[in-house]
Amino acid sequence: MNTIIINDNNIAVPARIIREGGLVAFPTETVYGLGGDAKNPEASKKIYAAKGRPSDNPLIVHIAEIHQLYEIVEDVPEAALKLAEAFWPGPMTLILKKNEVIPKETTGGLDTVAVRLPSHETAQALIRESGCMIAAPSANTSGRPSPTSASHVVEDLEGKIDAIIDGGDVEIGLESTIIDLTGDTPMILRPGYVSLEDVKRVTGAAEMDPGILSENENVRPKAPGMRYRHYAPKGSLIIVEGQQEAVIAKINALTEEAAKTGQRAAVLATAETADRYRGAKVYNIGSFAREDEIGRNLYRTLRTFDEENIELIYSESFETPHIGQAIMNRLLKAAGHRIIKA
Ligand code: AMP
Ligand code: MG
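Student: How should I be thinking about the overall build of the protein chain in this particular structure?
Tutor: What the protein chain contains, in helices and strands, is 11 helices and 16 strands. With the C-alpha coordinates aligned to their principal axes, the bounding extent of the protein chain is approximately 60 × 50 × 35 Å. Restricting to contacts in the protein chain with at least 6 residues of sequence separation, those with at least 24 account for 68%. Positive and negative side-chain charges in the protein chain, numbering 37 and 48 respectively, have mean positions lying 4 Å apart.

Student: Is there a simple way to explain the site of ligand 1 in this structure?
Tutor: Close to ligand 1 lie 20 residues, the nearest being Asn57, Thr112, Ser138, Arg190 and Gly225. Residue Asn57 places a side-chain N or O atom 2.9 Å away from an oxygen atom belonging to ligand 1. Considering ligand 1 on its own, with 490 Å² of exposed area, one finds that the protein chains cover 94% of that surface. Breaking the shell around ligand 1 down by element, the ones donating at least two residues are strand 6 (112-116) and strand 10 (187-190).

Student: Can you help me understand the packing of aromatic side chains in this one?
Tutor: Geometry of an aromatic ring pair is reported as the spacing of the ring centres plus the angle between the planes. Tallied over the full model, the rule gives 2 aromatic pairs. Aromatic pair Tyr231 and Tyr299: ring centres 5.2 Å apart, planes at 20°, arrangement stacked. Here Tyr231 is found in the loop between helix 8 (210-213) and strand 12 (236-241), whereas its partner Tyr299 is found in helix 10 (residues 291-307), with 68 residues between them in sequence. Assessed through its relative accessible area of 1%, Tyr231 is described here as buried. According to the relative accessible area criterion, Tyr299 is buried, its value standing at 0%. Their ring planes at 75° and their centres at 4.8 Å tell us that Tyr283 and Phe305 sit as a pair that is edge-to-face.

Student: What am I meant to see in the sheet that holds strand 7 (residues 134-135) here?
Tutor: Pairing is mixed in the open sheet, where 11 strands are placed in the order 1-8-2-3-7-4-6-5-9-10-11. The sheet is open, and its two edges are formed by strand 1 (4-7) and strand 11 (207-208), each paired on a single side. Pairing analysis gives 2 bridges linking strand 10 to strand 11, with the strands arranged parallel. Looking at the pairing, Met187 lines up with Glu207 of strand 11.

Student: Sorry, what's going on with the packing of helix 10 against helix 11 (residues 324-334) here?
Tutor: Packed helices, taken two at a time, are described by the angle their axes make and the gap between the axes. The interhelical angle for the contact between helix 10 and helix 11, taken along N-to-C directions, is 20°, at an axis separation of 10 Å. Between helix 10 and helix 11, the angle falls in the class roughly parallel. In this structure, helix 10 crosses over helix 11, and the sense of that crossing is left-handed. Contacts between helix 10 and helix 11 involve Glu291, Ile294, Gly295, Leu298, Tyr299 and Leu302 from the first element and Gly324, Ile327, Arg330, Leu331 and Ala334 from the second.

Student: Which parts of the structure should I look at to understand the environment of Lys333?
Tutor: Mapped onto the elements of the fold, Lys333 is located in helix 11. Considered as a pair, Lys333 and Arg264 are 69 residues apart in the sequence and their alpha carbons are 22 Å apart. For Lys333, the residues in contact, after removing those within four places along its chain, are Gly225, Met226, Arg227, Tyr228, His230 and Tyr231.

Student: For this particular structure, what's the right way to read the side chain of Asn99?
Tutor: Topologically, Asn99 is positioned in the loop between strand 5 (92-97) and strand 6. Among the polar contacts listed, one links the side chain of Asn99 to the backbone nitrogen of Val101, at a separation of 2.9 Å.

The rules behind these values
Residues numbered from 1 in each chain as written. Chains lettered and ligands numbered in written order. Predicted model: local features only at pLDDT ≥ 70, side-chain atom pairs only at ≥ 80, totals over all residues. Heavy atoms only, no water. Helix = DSSP H or I, 4+ residues; strand = E, 2+ residues; numbered from the N terminus. Contact = heavy atoms within 4.5 Å. Lys, Arg positive; Asp, Glu negative; His and termini not counted. Charge placed at Lys NZ, Arg CZ, Asp CG, Glu CD. Near = heavy atom within 4 Å. Polar contact = N/O pair within 3.5 Å; in protein donor to acceptor, adjacent residues only side chain to side chain. Areas by Shrake-Rupley, 256 points an atom, 1.4 Å probe, with all protein chains shown as cover. Phe/Tyr/Trp six-rings, centres within 6.5 Å; stacked < 30°, edge-to-face > 60°. Buried < 20%, exposed > 50% of the residue type's maximum accessible area, 1.4 Å probe, protein only. Pairing = 2+ DSSP bridges. Axes fitted to C-alpha atoms, helices over the stretch in contact; angles between N-to-C directions. Parallel < 35°, antiparallel > 145°, perpendicular 65-115°, else oblique. Left-handed = near helix turned anticlockwise from the far one by under 90°.

As structure tokens, this is what we get:
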């Protein structure tokens, strides 16, 4: 298949592709999505095939108007409405009981549906112009880091989808916060830019899925997608935790070891600490004081390790105040939960 790359001011062509059952990758404020008509089961099947995604891992339905939510769910609880008013358009996905409108091919066989109203203008224009609700997971090959620029989508999906809209680099760089509203208390199934505290402020009570926080493999995350190996670079990634000085000393000792055995090692560090390391190439993920920057750079940096054939990566821990939980959730998954205490 020939994949066309489209400038983001030309929406008519990709909108027609979506309407006709084809696949278009498009920018959102979180990461690039791989979109198809959410009501068309054949389009959803194509999304799974292009990504190599397990068919029990549901897609997120993207809408451009709040009334579209009422079209596809059984009912909108008060907490959902409050959250929608507070954080839509934006990086938040709500899980609700679905009605018959969205086929099970789109929801991985579940009787619930994930819905998001993105703020990115191109995403909104594509939804409106196509006249479709757009089912879209992240536009990466299953298991790889999510794409934060059109070039990442080209790397993973060129030749497998109809079109890619190039909208430049995304703003947030981490996938949306997923909130399950089918139980008594809103539950975060995937941390994101909208934090647990943000949610609590709006709904009064909210909790984090215990499966997200636990290092015990028997406590399974509730969102199917959070159970799979994800984001992992080809080299082994290990997180070093502790007081800053101890972490720096430990990582320097570890990279010296690696140099002796001839392994290609790298350090993932912040702007504040980057020049404290010797003996291995240092990747600066951004300033610790600007956590948005760390969020935005994470997946790009993880992809760079593969391009540069890095075999061993030692990373600092990025437990920042607001989106730190989202950043560390992704980093821990990428590291397969391998942590060294300094
Ligand atoms: P992605 O868009 O690639 O970030 O993937 C969508 C994420 O949403 C995956 O982690 C899914 O498991 C999750 N998800 C989608 N629909 C549901 C649902 N109905 N219930 C729970 N998780 C869902
Ligand atoms: Mg994904």
